[in-house]
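Examination of the molecular architecture
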Amino acid sequence: MRILSGIQPSGALHIGNYFGMMRPAIELQARGEAFLFIADLHALTTVEDPAELRRNTREVALDFLACGLDPRRACFFRQSDVPQVTELTWILSNVTPMSLLEKCHSYKDKIAKGLAPNHGLFAYPVLMASDILIYQSDIVPVGKDQKQHVEVTRDIAIKFNMKFGGGRGILKVPEADIRDEVAVVPGLDGQKMSKSYNNTIEIFCEENTLRKKVMGIVTDSLPVEAPKDPEKSHLYALYTLFVSRDEARAMAERFRKGGLGYGEVKKALAERMWSYFAPFRAKRAELAKDLAFVEDVLRRGAERAREEAEKTMKAVREAVGLR
Ligand code: ADP
Ligand code: TRP
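Every value quoted in this text rests on a predicted model; they were computed, and no experiment measured them.

What follows deals with the domain arrangement of the protein. For the protein, the assigned domains read domain 1 (2–184 + 291–320) and domain 2 (205–276). The centre of domain 1, based on its C-alpha atoms, is set 34 Å off from the matching centre of domain 2. The partner domain 2 presents 5 residues to the 5 residues of domain 1 that form the contact. At the boundary of domain 1 with domain 2, total buried surface from both sides reaches about 380 Å², with 79% on carbon and sulfur atoms. At the junction of domain 1 with domain 2, the criterion picks out 1 residue pair in polar contact (both at pLDDT 80 or more). Tallied by class, residues from the side of domain 1 that touches domain 2 come to 4 nonpolar, no polar and 1 charged.

Here it is in structure tokens:
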């Protein structure tokens, strides 16, 4: 089974990224052959400063390795180190109806947020399809917001196979893997946690920052005595990510009973978060001292990825008549 996922180096990774995408992908590395990459070509749609793109790429590599990506098991690489992926993007563009891309929420959201509607932003899902299809992936672990992109990928693969495959599946049709229990991690304000909403808690932020952010989580103004509905509280939802099921249940009980202040929950949450990521922080500090190792992991990953990509491209070039 081949598992593939990517993440854009467009800023420091937050706990939404961690529970929505990184942890599921890292868990899957034990169950199959994982291909995980840093989507630096995709990041060009939003990051305009070259120094920032370089820095972010290095930081994301450190974050991923610190969080448990094992380079002996998984193939970890930079998207742009596999030029075949942009070649496939062009070929797939020719079987991608405009209407398919026009429907994409992510594109519409970005335009609504004020990004200039350029071709890169519009064609983003075709590059993503190419990422997935070039490695013949079976499973794509992503957060819920990427579900539509995986559906677009499936459509493109099916269209390509019908047009050029003559009944053969030249490109494997992948499945998204979305964990329901953490499909959307809420941010400080209760909306989806996202760097574009300014409501994130970074996995590797300073202790003070973490505490301040957690204390700033928006809650309703019910007094301490009042019974509270845990299901309606994003503070509770965040808490459940860091504790056992039993502890979550006990906390839900205390919410319902009344007599629980949000301040107390926030304090407990900040502590649990800090200790949850403690081993990763230690690992990250070690890795940061050996950037040559990190670079080497990415280089070796890219070699492996190019080999796989080239296999698919041979068949694709032949199928469309480029060879
Ligand atoms: P952001 O919204 O901060 O820009 P990205 O769009 O770069 O994050 O997302 C990277 C990965 O993390 C994707 O797989 C996405 O689905 C997942 N992800 C991002 N935010 C969340 C969240 N709040 N809950 C669950 N998964 C998330
Ligand atoms: N679009 C994804 C995101 O913003 C990143 C990504 C690029 C990706 N290519 C991919 C995710 C291929 C999974 C598979 O999060």
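Anyway, onward from the coordinates.
As a further point, take the nonpolar core. Taken as a class, soluble globular proteins show a tendency for nonpolar side chains to be buried jointly. Residues I15, F64, F76, I201 and L269 are the most contacted members of the largest nonpolar core, which totals 58 residues. No other element matches helix α1 (residues 15–28), which puts 8 residues into this core. When we break this core down by domain, the ones giving at least three residues each are domain 1 (2–184 + 291–320) and domain 2 (205–276). Aside from chain neighbours lying at most four places away, what touches F64 is I7, M21, M22, I26, L36, L69 and F76.

Parameters and conventions
- Residues numbered from 1 in each chain as written.
- Chains lettered and ligands numbered in written order.
- Predicted model: local features only at pLDDT ≥ 70, side-chain atom pairs only at ≥ 80, totals over all residues.
- Heavy atoms only, no water.
- Domains from an automatic or database assignment.
- Contact = heavy atoms within 4.5 Å.
- Buried area = accessible area lost by both parts, 1.4 Å probe.
- Polar contact = N/O pair within 3.5 Å; in protein donor to acceptor, adjacent residues only side chain to side chain.
- Nonpolar A, V, L, I, M, F, W, Y, C, P; charged D, E, K, R; others polar.
- Core = buried A, V, L, I, M, F, W, Y, C linked by side-chain atoms within 4.5 Å.
- Buried < 20%, exposed > 50% of the residue type's maximum accessible area, 1.4 Å probe, protein only.
- Helix = DSSP H or I, 4+ residues; strand = E, 2+ residues; numbered from the N terminus.

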